[in-house]
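# Chains, contacts and geometry: an overview
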Amino acid sequence: MTWTKYQLFLAGLMLTTGSLNTLSAKWADLFSAKGCHDVPEHNFSHPFVQAVGMFLGELSCLAVFYILLCHDRRNPEPRINPGESFNPLLFFPPAMCDMTATSIMYVALNMTSASSFQMLRGAVIIFTGLLSVAFLGRRLLPSQWLGIFITILGLVIVGLADFFSGHQGDTHKLSDIITGDLLIIMAQIIVSVQMVLEEKFVYRHNIHPLKAVGTEGFFGFFVLSLLLIPMYFIPVGDFADNPRHVLEDALDAFCQIGHKPLILLALLGNTVSIAFFNFAGISVTKEISATTRMVLDSLRTLVIWVVSLALGWEQFHGLQVLGFLVLLLGTGLYNGLHRPVMARIPCCAGMLDTQEEQNSPEERERLLGDGKVQTGDES
């Protein structure tokens, strides 16, 4: 299959903006600036403010949807299906999961490297697989169970790489690295709950993906923005790296941005990139395939790792390479990337046919996830 220029553009856009999303968030974490009332220079550690910016990016997908819809309606033969009407509150529970998981992950990003952050997010397939069996009545293929176990092995290897990097005096303290890695894995449990909720209550409706992402972004943006007010008064001691040691000091964040405008550029990069990444991801699924989208999503982990090394944000650790490859293998098996290869081998093709016969057509479609678009946080 030869890709068109438009398909190549979409693939490049998804890979670029997906990588920029994590890199810009990490870049913001590396800044230090004075705070309010001439508070001495300190690190920009405001994960919840960053999460609000991320949801603003998701919310912008709603604006993009209506702009595209209005433009399409001017054509004699409109091509965009606006979808059916639905109760927006359908998206509130998954949006709250998205909000909680995203906030936890931005807290963790302050504690560990960008590459480990991205690699450890691969844990989501473990919990999504287990929860889909428990609550959706799904039957996983043997290759998917194998993919889950290989992913667990990959996570252990990445964790060991972080452990040794902490002992070698890397950018972060060992205690912070371990805490950050555990927070990332904890966040993936919440993300998997979000995905199960979406599949059980949202996917049964015919809703345009951009509208779905934007609606979740709407709830996440406004709820988290309101929560910044009580967070300003909740003391958390040394867990928070802001001068007042509260859960989130949004005023300090704005003062730091005022003293160092480059922070705003990093935050805008995060907001804009998440919007374009969601749009590009949805378009790649539509124009090429869901499998291609998964491959590109895995490749951005490699891009983030290489760029972080080039910028001197982290040191090279051979175990990370091994961990990345093992995680890639586990993710590929879970998502069925091995199937086209096995289908070309006569003895293996029979095994695939036997597995497919054990499932109904509906179950096979759910298992392989062809064309499925996740509406959760794609950061």
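Residues numbered from 1 in each chain as written. Predicted model: local features only at pLDDT ≥ 70, side-chain atom pairs only at ≥ 80, totals over all residues. Heavy atoms only, no water.

As a reminder, the rule being used: UniProt positions are given in the numbering used here, feature names are shortened, and annotations may be inferred rather than shown by experiment.
An unreviewed UniProt entry lists the chain under the name Solute carrier family 35 member F6, with Collichthys lucidus given as the organism. According to the UniProt record, the Sequence similarities (unreviewed entry) comment for the chain is "Belongs to the SLC35F solute transporter family."

## Brief notes about the overall build of the chain
What counts here: Numbering of helices and strands starts at the N terminus; helices are DSSP runs of H or I of at least 4 residues and strands are runs of E of at least 2. Throughout, a residue-residue contact means that at least one pair of heavy atoms, one from each residue, lies within 4.5 Å. Accessible surface area values rest on a Shrake-Rupley calculation with a 1.4 Å probe, where residue burial reflects the displayed protein chains alone.
Secondary structure summary: the chain contains 15 helices and two strands in total. Expressed as a percentage of contacts within the chain between residues at least 6 apart in sequence, the contacts between residues at least 24 apart total 80%. With the model as given, the accessible surface of the chain reaches about 17700 Å², and the carbon-plus-sulfur share is 68%.

## Thoughts on the packing of helix H10 (residues 262-287) against helix H11 (residues 290-310)
As a reminder of what qualifies: Here an angle of 0 to 180 degrees is reported between the N-to-C directions of two axes, which are lines fitted to C-alpha atoms, with helices fitted over the stretch in contact. If an angle is under 35 degrees, it is roughly parallel; if it is over 145, roughly antiparallel; if it lies from 65 to 115, roughly perpendicular; otherwise it is oblique. The classification used treats Ala, Val, Leu, Ile, Met, Phe, Trp, Tyr, Cys and Pro as nonpolar, Asp, Glu, Lys and Arg as charged, and all other residues, Gly among them, as polar.
Running from N to C, H10 and H11 cross one another at 140°; their axes reach a closest spacing of 7 Å. In this view, H10 runs oblique relative to H11, as classed from their interaxial angle. Seen from H10, the contacting residues are Phe277, Gly281, Ile282, Val284 and Thr285; seen from H11, they are Ala290, Thr292, Arg293, Leu296, Asp297 and Arg300. For the contact of H10 with H11, the per-class residue count stands at five nonpolar, three polar and three charged.

## Regarding the state of the cysteines
Put simply, the rule is: When two cysteine sulfur atoms are found within 2.5 Å, that pair is recorded as a disulfide.
Taken as a whole and assessed by the stated rule, the structure comprises one disulfide. There is a disulfide in this structure between Cys36 and Cys255, and the S-S distance comes to 1.9 Å. Negative torsions about the S-S bond denote left-handed disulfides, and the value of about 95° found for Cys36 with Cys255 makes this one right-handed. Highlighted residues: Cys36 in the loop between strand E1 (32-33) and strand E2 (42-43) and Cys255 in helix H9 (residues 250-259), separated in sequence by 219 residues.

## A word on the packing of aromatic side chains
Short version of the rule: Only the six-membered ring of Trp is used, alongside the rings of Phe and Tyr, when aromatic pairs are assigned; centres must lie within 6.5 Å, and planes under 30 degrees apart are stacked while those over 60 apart are edge-to-face, with the rest tilted. When accessible area is computed with a 1.4 Å probe and restricted to protein chains, residues below 20% of their type maximum are described as buried, those above 50% as exposed, and intermediate ones as partly exposed. Only when the NZ of Lys or the CZ of Arg is both within 6 Å of the ring centre and within 35 degrees of the ring normal is a charge said to sit over the ring.
By the definition in use, this model includes ten aromatic pairs. Arranged with centres 5.0 Å apart and planes meeting at 70°, the rings of Phe65 and Tyr66 form a pair that is edge-to-face. Taking 5.5 Å as the distance between ring centres and 70° as the angle between the ring planes, the aromatic pair formed by Phe86 and Phe91 counts as edge-to-face. Taking relative accessible area as the criterion, Phe91 reaches 0% and is therefore assigned buried. Sitting over the face of the ring of Tyr232, Arg244 holds its NZ or CZ atom 4.0 Å from the ring centroid.

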